[in-house]
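Spelled out from the first residue to the last, the chains are:
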Amino acid sequence: MTASTPDRSGRHKLDPHLDRYAARTAGMTASEIRALFAVASRPEVVSLAGGMPNLAALPLDTLSAQVGDLIAEDGLVALQYGSAQGIPVLREQICEIMALEGISAHPDDVVVTVGSQMGLDMVTRLFCDPGDVVLAEGPSYVGALGSFAAYQAQVLHVAMDDQGLVPEALREALAQAEKAGRRVKFLYTIPNFHNPAGVTLAVERRAEILAICRAHGVLVVEDNPYGLLGFDGQTYPALRSLDPENVVYLGSFSKTFASGLRVGWVLAPHAVREKLVLAAESATLCPPSLNQMIVARYLATHDWKGQIKTFRENYRERRDAILSALEQHMPAGCSWTRPDGGFYVWVTVPEGVDTKAMLPRAVTARVAYASGTGFYADGFGSRQMRLSYCYPTPERIREGVRRLAGVLESEMDLVRTFGNVSMKPISGPENPSPDTA
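Residues numbered from 1 in each chain as written. Predicted model: local features only at pLDDT ≥ 70, side-chain atom pairs only at ≥ 80, totals over all residues. Heavy atoms only, no water.

Caption draft 1: A look at the overall build of the chain. Within the chain, the regular secondary structure consists of 14 helices and 16 strands. For the chain, the proportion of contacts with a sequence separation of at least 24, taken over those separated by at least 6, is 76%. Counting every atom, the chain has about 18,800 Å² of accessible surface; 54% of that belongs to carbon and sulfur. (Helix = DSSP H or I, 4+ residues; strand = E, 2+ residues; numbered from the N terminus. Contact = heavy atoms within 4.5 Å. Areas by Shrake-Rupley, 256 points an atom, 1.4 Å probe, with all protein chains shown as cover.)

Written out as structure tokens, the structure reads:
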């Protein structure tokens, strides 16, 4: 068996199936740090790269007993095929959760998905033809960019500031697309505790942004996995609560319960819901009943609001640790966002430093981060990095920032001595993975 297969010219191909792939696979590339993840996940490396929730606060003994009882009592249902839309009791509970953010919804309009990533993929599949335009904040969630690329949609980034998406920048982006004769299908936005930027869309901007999109006939896709993780306990009005007929809402239990169960949902206008169910059937036939029933029993029997409060307190402690470490250690010329919820800080480094080129050297110094270019579809972000504070302990966070600052100081010395030392960039992350989620 040979490692490669010769083509008609006699040259060898590493992938003998290359000519068979669909054209859309050209947009499917791996995460930029996936190749380094095996190294970055070693215990001696402080990883500030991955957005993995910290599950240490979960009541595992109680959950273990509940799962055992569930299988003993309802195993014939839990281990069987189910509905493509999801079990009714969980959809009812999801509506109760969304009510905390002002959303009035009926369980019939909720579709349970295998994580909210599946929901995002289905929405993109339903609405985007090759060449269609999707508006997204710049930067944006890497998994969203991967879905858009997979369906050959073109991403046009819209600027943000410390108050989130800038309405005037949205108007300019829409005008630019319309002038070029390009069709904008939807605005994809993460309004609360943004991934990767860490900022939150100002309440006073929300209605204005919805009005702009409605005036231009553009759907809004609201991705809100972090909305209940505000450090002061505040919840913001969901975009869906302000314009139910023009907003598709994506939710998830990955950040507020357990990411490994892969349970998310889509709340959509009724007509869209019908197509989402068909798309779900073609993708997975049905989401796992067992996982849904575990979540439903947890919500029914556990103080899940108290559990979220515990998560918020843990993440607030870690946020405080990373902000204080950045203030103490980072060299002059760096700046960063100050999140009031969620998992991430977005750091900008001085001119001339390329965070993608610097990443292997950081891993050598036993610290990892996600470089900024992976969060843009257009090559920007070389001076940015995303730091995740959700998983390491505060002590590890402080040590990781100290190591990172040392690497950055060395990089800045090289820039001062030799000019821009960035290497030829490698492909940025277009598809999600646990290390870039």
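Caption draft 2: Representation of the packing of aromatic side chains in the model. On inspection of all chains with the given rule, the structure shows 13 aromatic pairs. The interplanar angle of 85° and the centroid separation of 5.9 Å between the aromatic rings of Tyr226 and Tyr344 together place this pair among those described as edge-to-face. In this pair, Tyr226 sits in the loop between strand S9 (219–223) and helix H8 (239–242) while Tyr344 sits in strand S13 (residues 344–348), placing the two residues 118 residues apart along the sequence. With respect to class, Tyr226 is no different from Tyr344; both count as buried. With a centroid separation of 5.9 Å and an interplanar angle of 65°, the aromatic rings of Phe343 and Tyr344 are classed as edge-to-face. Among the residues examined, Tyr344 registers a relative accessible area of 0% and is labelled buried. (Phe/Tyr/Trp six-rings, centres within 6.5 Å; stacked < 30°, edge-to-face > 60°. Buried < 20%, exposed > 50% of the residue type's maximum accessible area, 1.4 Å probe, protein only.)

Caption draft 3: Just helix H13 (residues 355–364), in detail. Buried residues dominate H13, accounting for seven of its 10 residues. Among the residues making up H13, those that are buried are Thr355, Lys356, Ala357, Met358, Leu359, Ala362 and Val363. At the N-terminal boundary of H13, the capping side chain belongs to Asp354, with an oxygen 2.9 Å from the backbone nitrogen of Lys356. Once H13 ends, the next one or two residues include Arg366, with phi positive near 70°. (Polar contact = N/O pair within 3.5 Å; in protein donor to acceptor, adjacent residues only side chain to side chain.)

Caption draft 4: Up close: unusual backbone geometry. For the bond running from Gly138 to Pro139, omega is 10°, close enough to zero to count as cis. A positive phi angle, near 60°, is found at Gln152, a position not held by glycine. Relative to the assigned elements, Gln152 resides in the loop between helix H5 (142–150) and strand S6 (154–161). Phi angles above zero are rare outside glycine, and Phe193 is one such case at about 55°. Phe193 sits in the buried class, given a relative accessible area of 1%.

Purely geometric numbers; function is a separate question.
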